[in-house]
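# Architecture and fold: a report
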Amino acid sequence: MSIQELAVEKRGEILEWLEGAAASSASRAELLQQTVDLIHGKLPTYNWVGFYMLDPADASMLELGPFAGAATPHTRIPVTEGICGAAVAQGETVVVDDVNADPRYLSCSIETKSEIVAPIRAHGEIIGEIDIDSHTAAAFGREDRVFVERCAEILGRYFEIVKESGRGARG
Ligand code: SME
């Protein structure tokens, strides 16, 4: 089986797990941490996987939530900055094949070559996003985008039904 075929199989397994976990998890902090750990652990080109959630006290600010991978200096990102801010401002997934060629990019590791950020919506409103970095250039193709957007959709639905407001980075 090729690496690409293996990745397709793993993405399917992750989505299956996430559907089940979102239906049964009581703690959103735990669900988010397990999600990033699983994605990071299973998909070798997904070298940093994390959540940025809009600050409930200041909707112009993204706060770092659970993540897997190296520590980042960007724990709070204004929605006017970075690839992360662009995904909120544009209201859609942003894929950057070569981060070093993108003036919006906020660097968190010199090893990062490409990035994908997909907004998470609850009740139609953006509440946060999934951010994934790769050490491989142009690592995120059509299938990756479909996968990351599906993760965001499942989590958005989860946030709609959990007791907490669904906002904030720390669950
Ligand atoms: N690269 C992001 C910043 C977050 S780190 O990748 C973890 C950006 O440009 O917004």
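Here, every reference points to the structure presented above.
Structure report, in brief. (Residues numbered from 1 in each chain as written. Predicted model: local features only at pLDDT ≥ 70, side-chain atom pairs only at ≥ 80, totals over all residues.)

## A word on the overall build of the chain
Helix and strand content of the chain: four helices and six strands. Walking the chain from its N terminus toward its C terminus, one meets helices and strands in the order α-α-β-β-β-α-β-β-β-α. Relative to its length of 171 residues, the chain is compact, with a C-alpha radius of gyration of 15 Å against a globular reference of 16 Å. Its C-alpha atoms give the chain principal-axis dimensions of about 40 × 35 × 25 Å. Within the chain, the proportion of its 171 residues that are buried is 40%. A sequence separation of at least 24 residues applies to 53% of the contacts in the chain between residues at least 6 apart. (Helix = DSSP H or I, 4+ residues; strand = E, 2+ residues; numbered from the N terminus. Rg over C-alpha atoms; globule rule 2.2 N^0.38 Å. Buried ≥ 20, exposed ≤ 12 C-beta atoms within 10 Å, placed from the backbone. Contact = placed C-beta atoms within 7 Å.)

## Notes on the sheet that holds strand 2 (residues 58-68)
Strands sit in the order 3-2-1-6-5-4 across an open sheet of six strands; the sheet is antiparallel. Either end of the sheet is taken by a strand with one partner, and the two such strands are strand 3 (76-78) and strand 4 (94-96). In this sheet, adjacent strand axes meet at a mean angle of 25° when their direction is disregarded. Both strand 5 (residues 114-122) and strand 6 (residues 125-134) contribute to a ladder of nine bridges, which runs antiparallel. Counted as the bridge partner of Ser114 is Ser134 from strand 6. The sheet strands contacting helix 4 (residues 142-161) are strand 4, strand 5 and strand 6, and the helix crosses strand 5 at an angle near 30°. (Pairing = 2+ DSSP bridges. Axes fitted to C-alpha atoms, helices over the stretch in contact; angles between N-to-C directions.)

## Digging into the pairing of strand 5
Most of strand 5 is tucked away, with seven of its nine residues classed as buried. In terms of strand pairing, strand 4 meets strand 5 through three bridges, oriented antiparallel. Paired with Val96 across the bridge in strand 5 is Glu115.

## Regarding the site of the ligand
Of all residues adjacent to the ligand, which total 13 residues, the nearest are Gly82, Ile83, Cys84, Leu106 and Cys108. For the shell around the ligand, the secondary-structure elements that each account for two or more residues are helix 3 (82-90) and strand 6. For the shell around the ligand, the element with the highest residue contribution is helix 3, accounting for three residues. Here the residues of the shell around the ligand are counted per class, giving seven nonpolar, three polar and three charged. (Near = placed C-beta within 6 Å. Nonpolar A, V, L, I, M, F, W, Y, C, P; charged D, E, K, R; others polar.)

## Regarding the environment of Ala70
For Ala70, the location among the structural elements is in the loop between strand 2 and strand 3. In this view, Ala70 contacts Trp48 and Ser109; residues no more than four positions away in its chain are not counted.

## Focus: the environment of Gly156
In this structure, Gly156 sits in helix 4. With 33 residues separating them in the primary sequence, Gly156 and His123 have C-alpha atoms 8.1 Å apart. Other than its neighbours up to four places away in sequence, Gly156 contacts Ile120, Arg121 and Ala122.

## Structural notes on helix 3
Along helix 3, the residues that are buried comprise Gly82, Ile83, Cys84, Gly85, Ala87 and Val88. Buried residues along helix 3 sit in contact with strand 1 (48-55), strand 2, strand 3, strand 4, strand 5 and strand 6. Just beyond helix 3, the residue with positive phi is Gly91, at close to 70°.

## Quick look at helix 4
End to end, helix 4 covers 29 Å across 20 residues, agreeing with the expected 28 Å (1.5 Å per residue, within 8%). Among all positions of helix 4, only Asp144, Phe147, Val148, Cys151, Ala152, Leu155, Gly156, Tyr158 and Phe159 are buried. (Expected span 1.5 Å × (residues − 1).)

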